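Working through the structure, step by step
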Amino acid sequence: MDLQNLITLTTGVTLLTCVLAVVGVHSYAMGRAQRQALVDRLSATGQIPVVGRRRHFLALDRRLRRTKLGRKLELRLAATGLDITPGEFFVYMLATIAGLWLIGQATLAPFFGPLAGLLGIWVAIQFLNWQRQKRIEKFINQLPELARILANATQAGLALRTAIGMAAEELEAPAGEELAKVANQLAVGASMDDALGELADRLPSRELVVLVTTLVLSNRAGGQLVSALRNLTDTLEERKETRREVRTQLSQVSMTSYAVPVLGVGSLFLMNGVKDGALERMTGSPAGQAAVIIAFGLYVVGFVLIRRLSRIDV
């Protein structure tokens, strides 16, 4: 009888242990899934860095993010859509500066080493501006389709928050990625004004400001959102075609602005190739160094003036 009770007790304890193990595994899996969903949501809203590939220079990145320059760099990188941290970009920029410094010093003259290093800083800034502008242009081209999707969704009776989430799923990058960030911010309690305002700050453009203003005012005071979005869609389509025509007409001027400084730098290599050591002797005196600095300054002024004169806001 005692043996039978022991067997029954052991069987009961074993079954209870198995049940608790299954419940524990199920709870662990659910908690892990919820944690991953929270990480994805916070990563999309920019509150934590995106996880994925292994990040480098984490200590430098943490220190850089605490500074004002690091925060500005983080916002600029977020606007470009590049999968890179501020610390990684800063290290790559320093490596580029060091490389150009050594190349300029070895191929031309020691005086050109610091100038080539400054050129590396300008190249890094221009690269970020180019990536950001390219992303903004691509986003602007998607705005008519975005306005059309929002108009159709709101006409079908969906709320604006739901319409934004639907547009995020249907549109490709960068519009889909940016709207997904807005949808995730709305899901964690951010207001419509703040979420759309951050979108306009990340990708500044007149077209996006008009769309954001329309959505914000309609969300605050109500009104005919569908008809406003329909009219806005037609306007954005016309502006898209106009911008394409203007860009085509100014393509030659844009190439000229880059060709001018390239010709100036190329002339230095030509001069040094015709007579070896000519640049080193020229920059060996203060007058020669001043002449080189003035020449580089004039090339920069020419580049800026050509870009300014060829800029037409549509």
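All residue numbers refer to positions counted from 1 along the written sequence of the respective chain. Restriction of local features to residues with pLDDT of at least 70 applies here, the model being predicted, together with a cutoff of 80 or more for giving and counting side-chain atom pairs; totals for whole chains, interfaces and linings are based on all residues. The basis for the side-chain values is all heavy atoms of the structure; hydrogens and waters are excluded.

**Overview of helix 5 (residues 112-155)**
Quick note on the threshold: Helix numbers and strand numbers start at the N terminus; a helix is a DSSP run of H or I with at least 4 residues, a strand a run of E with at least 2. To estimate how far a helix should extend, the number of its residues minus one is multiplied by 1.5 Å. The angle separating two fitted axes, one through the seven residues that finish at a residue and one through the seven that start at it, defines the bend at that residue.
Here helix 5 spans 63 Å end to end across 44 residues, near enough to the 64 Å set by a 1.5 Å rise per residue. Along helix 5, the sharpest change in direction is near 40° and occurs at Leu143; proline Pro144 comes one to four residues later. Phi turns positive, to about 95°, at Gly157, one or two residues after helix 5.

**Let's talk about helix 6 (residues 160-170)**
Just so we agree on the cut-off: Per-residue accessibility, obtained with a 1.4 Å probe over protein chains only, is compared with the maximum for each type, and a residue is labelled buried under 20%, exposed over 50%, and partly exposed between these values. In this description, the arc belongs to the directions extending from the helix axis to the C-beta atoms.
Of the positions making up helix 6, those classed as buried are Leu160, Ala163, Ile164, Ala167 and Ala168. Angular distribution of buried residues about the axis of helix 6 spans 140°; they occupy a single face of the element.

**Regarding empty space enclosed by the protein**
Short version of the rule: A cavity here means a set of 1 Å grid points, computed over protein atoms only, where a 1.4 Å probe fits but cannot escape. A pocket is an open set with protein on both sides within 12 Å along at least 5 of 7 lines, and lining residues have an atom within 4 Å of a point. Grid points are joined across faces, edges and corners, and a volume is the space filled by probe spheres set on the points. For this classification, Asp, Glu, Lys and Arg are treated as charged, while Ala, Val, Leu, Ile, Met, Phe, Trp, Tyr, Cys and Pro are nonpolar and the rest, including Gly, are polar.
Following the criterion strictly, the structure yields one cavity of 30 Å³ or more and no others. Looking at the largest cavity, its volume works out to about 50 Å³. Lining the largest cavity are Leu146, Leu150, Ile164, Leu179, Leu196, Leu199, Leu208, Leu211, Val212 and Leu215. When residues of the lining of the largest cavity are traced back to their parent elements, those giving at least two are helix 5, helix 8 (192-202) and helix 9 (206-221). A total of four residues in the lining of the largest cavity trace back to one element, the largest contributor, which is helix 9. Across the lining of the largest cavity, the residue classes break down as 10 nonpolar, no polar and no charged.

**Brief notes about the packing of helix 3 (residues 68-80) against helix 5**
Two quantities define a packed helix pair, namely the angle between the helix axes and the distance between the axes. Worth spelling out the cut-off: The axes are straight lines fitted to the C-alpha atoms, using for helices just the contacting stretch, and the angles between their N-to-C directions are given from 0 to 180°. Any angle that falls under 35 degrees is termed roughly parallel, while one over 145 is termed roughly antiparallel, one within 65 to 115 roughly perpendicular, and all others oblique. Any two residues whose heavy atoms approach within 4.5 Å at even a single point are treated as in contact.
Interhelical geometry of helix 3 versus helix 5 gives an angle of 45° and a closest axis separation of 8 Å. On the basis of the axis angle, helix 3 is oblique to helix 5. For the pair helix 3 and helix 5, the contacting residues are Leu73, Arg76, Leu77, Ala79 and Thr80 in the first and Leu128, Asn129, Gln131, Arg132 and Arg135 in the second. A per-class count over the contact of helix 3 with helix 5 returns four nonpolar, three polar and three charged.

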